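# Commentary on secondary and tertiary structure
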Amino acid sequence: MMLQWKIKAFDALTVHELYDLLRLRSEIFVVEQNCVYLDLDGKDKVALHLIGEFDGKIVAHSRLFKPGISFNYASIGRVTVAADYRDKKWGHDLMRESIAGIALHFGESKITIGAQLYLKKFYESHGFVQTSEMYLEDDIPHIEMKRE
C-alpha cells in the first residue's frame with residue numbers, strides 16, 4: 001500500500017483537487033483540533049502543493065515554499081494526513097517527500113517550519129531542531145524548527 005505523490009503549483013490544481021485538499025485541512029486543523037482560524041491565508045497561490053493519493057483520494061498534503069515566503073529559508077506548512085490513515089505512518093513519507101520536493105524544485109536544503117509543539121519529536125526524526133521558545137498560534141502551542 002503506497003501513496004501516489006504529485007507536486008503541483010496552485011494554478012495546476014484541478015477544482016476537485018483544490019476542494020479535496022482544503023476539505024482535508026479543514027477536517028484536521030478546524031474540526032479535529034477544534035480551532036477556528038483562517039486557513040485561506042493567501043499563501044496557497046504561491047505554494048507548491050504536495051499531494052499524496054491513495055485509491056484516488058487525497059489523504060496527505062503539505063505546502064512547499066521557496067525562501068522568503070514564510071521564513072528566510074524554504075519552508076513546509078499545512079502538513080496533513082487524514083485521520084483514517086495515520087496508523088500507516090504516512091506522515092513520515094509525507095515529510096520525506098516534502099524535504100525532497102524542496103530540494104528538487106527550489107534547490108534548497110535549509111528548511112524552517114512552524115511546528116505544533118506536540119509534534120516536536122516527529123519533526124526531530126526528520127532532522128529538524130527547535131530554534132525558538134514556544135509561542136501560541138491560533139491558541140495552539142508552536143515552536144520554530146530548522147533543518148540545515
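Conventions adopted
Residues numbered from 1 in each chain as written. Predicted model: local features only at pLDDT ≥ 70, side-chain atom pairs only at ≥ 80, totals over all residues. Heavy atoms only, no water. Helix = DSSP H or I, 4+ residues; strand = E, 2+ residues; numbered from the N terminus. Rg over C-alpha atoms; globule rule 2.2 N^0.38 Å. Buried < 20%, exposed > 50% of the residue type's maximum accessible area, 1.4 Å probe, protein only. Areas by Shrake-Rupley, 256 points an atom, 1.4 Å probe, with all protein chains shown as cover. pLDDT = per-residue confidence, 0-100. Patch = residues over 30% accessible without salt bridge, like charges linked within 9 Å, V, L, I, M, F, W, Y side chains within 5 Å. Salt bridge = Lys/Arg side-chain N within 4 Å of Asp/Glu carboxyl O.

Next up on the list: the overall build of the chain. When helices and strands are tallied, the chain shows three helices and eight strands. Start at the N end of the chain and walk to the C end: the helices and strands fall as β-α-β-β-β-α-β-α-β-β-β. Expected size for 148 residues packed as a compact globule is a radius of gyration near 15 Å; at 14 Å, the chain falls within 12% of this value. Each of the three principal axes of the chain carries a C-alpha extent, and together these read 40 × 35 × 30 Å. Residues classed as buried in the chain amount to 41% of the 148 residues present. Accessible surface, the chain as shown: approximately 8300 Å² in total, 53% of it carbon and sulfur.

Glancing now at the confidence of the model for the chain. Note that predicted coordinates carrying low pLDDT should not be read in detail. Scored by pLDDT, the chain comes out at a mean of 95, with 100% of its residues at no less than 70. Across the chain, strand E6 (residues 129–130) holds the top mean pLDDT of 98, while strand E7 (residues 135–137) sits lowest at 93.

A cluster of nonpolar residues, Leu117, Met134 and Leu136, forms a patch on the protein surface that exposes about 280 Å² of accessible area. Within the fold, methionine 134 resides in the loop between E6 and E7.

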